[in-house]
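Coordinates in review
Given next are the chains, with one letter for each unit.
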Amino acid sequence: MFTFQKTTARVRRGQLETAHGVIETPFFMPIATKGAVKTMSSSDMKKLGAQILLSNTYHLLLRPGLESMCELGGLHRFMNWNGPILTDSGGYQVFSLSKMNKTTEEGVTFQSHIDGARVNLTPELSMQMQTAIGSDIVMQFDDVAAGDSSRERYKEAMERSLRWARRCKLEFVLLRATSGSEAISADERKGIASSPAAPRNDTLLFGIVQGGTHEDLRERSARGLMEIGFDGYAIGGLSVGEKREEAYRIVKRVCEILPQDKPRYFMGGGMPEEIVAYVQMGVDMFDCVLPTRNARHGTLFVWNQDPSTIDWSIYQEPRPDTLFYDRLRVTNESLATDQSPLDPYCDCETCTTSSRAYLRHLFGVQELLALRLATIHNLHFYLTLMRFLREWISKAA
RNA sequence: GGAUCGGUGGUGUAGCCCGGUUAACACGUCUCCCUGUCACGGAGAAGAUCGCGGGUUCGAAUCCCGUCCGAUCCG
């Protein structure tokens, strides 16, 4: 169930109800690909104020695997996280691990990056695995085209994603219907899982809009998905190499088509100013590796002004003249004896306990604490950004 | 006192025997990048007049002589 208050023509502020609690929208999901936000514990994430985590079907399918996940009773219990979890379907891994896989209409055959074993991931298996994980928000299995693809490739990926969306919906409904019932045997579920768990009635299933940078393909994708009917709609296949102007144009267009009363999720993005812009186009949900990966690579997002007084409406353009933050390269030599805080406007654990010089030192001597402190700060930055955006929208309402 | 081995960017080495374009490699350093995370990863840059002095040669890190420093061994 998604309720929202419309403020201006597009901007939304709302609540998304999931099996593990209500999430205030718009929100950002830290990424716990393999069942953990790198360097962070579940209680760390709770302390940071994360409302929901994102995990990945493909990675958890390789380890610990479908049967083990069923036996373990799902990811919430396994990683001791009692908030909501969204799982990516594995579709993106087809794209990001493209050297190691082969796509057919049936699905994708991966060569495991762990032991080289063949893994055949289909829409049905993705649904079964996400169900075994106990995901609160299940994503359809989709086909992602690279950012510089031809129109034909974009069209192919979009049409295939649409067909796979239909199969995902069918399998999802089937899994739910067979919960505790003998009506359909495990064999009839293509014999993949001996005892896949059933999705709860309040588990949400999202479709993913594809179509690259072509508005007509995007429109066909969105309308096709709406016809099938999903609990929410994601915009996929962006931030994969295309120009930012193109992404803005597409998001704006897709948000005009998608139903008002369902949550919208921009997958995989982005830089802070992109999120600010997409929120103002009517997007409710985000996830991105940038805060966590950049943290581990020594780049911190720091406010360059008091975030409580920012007029976010000036960030609707793809290339604003100025940004509200700087990227602090914490390994830079110039910080060697800089005892000032990383971010004067931040009150996270890292900023209140560590100077720039100290964090730089920890990176230099490769102390694991460096990765953790940097991650805490960057996630705090993103989560705080979302909080300020929600407050700003509420005020405007 | 004598013998042997060794001195090449910040560190560790290669090249030397069989002289030849901008002296190579690893790590480190510096800068930049990262968008539904295979990846504490990727890209690039700076940095050595080859211990010092002389000689041979068109040309020396490379061959010869001397010298300084270090290690080991013999007295």
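Residues numbered from 1 in each chain as written. Chains lettered and ligands numbered in written order. Predicted model: local features only at pLDDT ≥ 70, side-chain atom pairs only at ≥ 80, totals over all residues. Heavy atoms only, no water.

In the structure shown here, the tally under the stated rule is 26 salt bridges. As a salt-bridge pair, Asp 143 and Arg 153 come within 2.9 Å of each other at their nearest N and O atoms. A residue pair is termed long-range when its members are at least 10 positions apart, and Asp 143 in the loop between β10 (137–139) and α7 (151–177) and Arg 153 in helix α7 qualify at ten residues. A salt bridge links Glu 274 to Arg 244, with the nearest nitrogen and oxygen atoms 3.6 Å apart. Of this pair, Glu 274 sits in helix α10 (residues 272–279) while Arg 244 sits in helix α9 (residues 244–257), and the two are 30 residues apart along the sequence. The pair Glu 274 / Arg 244 is uniform in exposure class, with both members buried. (Salt bridge = Lys/Arg side-chain N within 4 Å of Asp/Glu carboxyl O. Helix = DSSP H or I, 4+ residues; strand = E, 2+ residues; numbered from the N terminus. Buried < 20%, exposed > 50% of the residue type's maximum accessible area, 1.4 Å probe, protein only.)

Let us look at the domain arrangement of chain A. Structurally, chain A comprises domain 1 (2–288) and domain 2 (299–396). Taken together, the contact pairs 33 residues of domain 1 with 28 residues of domain 2. With both sides pooled, the region where domain 1 packs onto domain 2 buries about 2600 Å², and carbon together with sulfur makes up 72% of that total. Three residues stand out in domain 1 for area buried against domain 2, namely Leu 48, Pro 272 and Gln 280, and they jointly supply 21% of the buried area on that side. Summed over the shared surface of domain 1 and domain 2, the number is two salt bridges. (Domains from an automatic or database assignment. Contact = heavy atoms within 4.5 Å. Buried area = accessible area lost by both parts, 1.4 Å probe.)

Running from amino to carboxyl end, helix α8 (residues 215–228) crosses α9 at an angle of 35°, the nearest separation of the two axes being 10 Å. With respect to the hand of their crossing, α8 and α9 are arranged in right-handed fashion. For the pair formed by α8 and α9, the contact residues are Glu 215, Arg 218, Glu 219, Ala 222, Arg 223 and Met 226 on the first element and Arg 249, Ile 250, Arg 253, Val 254 and Ile 257 on the second. Of the residues that constitute the contact of α8 with α9, the class distribution is five nonpolar, no polar and six charged. (Axes fitted to C-alpha atoms, helices over the stretch in contact; angles between N-to-C directions. Left-handed = near helix turned anticlockwise from the far one by under 90°. Nonpolar A, V, L, I, M, F, W, Y, C, P; charged D, E, K, R; others polar.)

Turning to the protein's contact with RNA strand B, a few remarks are in order. The local shell around RNA strand B holds 42 residues, among which Tyr 92, Val 144, Thr 292, Arg 329 and Arg 360 are the closest. The sugar-phosphate share of atoms of RNA strand B within 4 Å of the protein amounts to 57%. Between Ser 96 and RNA strand B, the recorded distance is 2.9 Å, taken from a side-chain N or O atom to a phosphate oxygen. One of the side-chain nitrogen or oxygen atoms of Asn 294 is found 3.5 Å away from a base nitrogen of RNA strand B. Mapped onto the surface near RNA strand B, the elements with two or more residues apiece are β5 (53–56), α5 (91–96), α11 (290–296) and β16 (325–329). Here the element with the most residues in the surface near RNA strand B is α11; it accounts for five residues. (Near = heavy atom within 4 Å. Polar contact = N/O pair within 3.5 Å; in protein donor to acceptor, adjacent residues only side chain to side chain.)

Spatially, three strands are ordered β7-β8-β9 in an open sheet, and the strand pairing comes out antiparallel. Each end of this open sheet is capped by a strand with a single partner; those strands are β7 (101–103) and β9 (118–121). The sheet shows a mean angle of 15° between the axes of neighbouring strands, direction not considered. Two strands pair when backbone bridges link them, and strand β8 (residues 108–111) and β9 are joined in this way by four bridges, in the antiparallel orientation. Note that in β9 the partner of Gln 111 across the bridge is Arg 118. (Pairing = 2+ DSSP bridges.)

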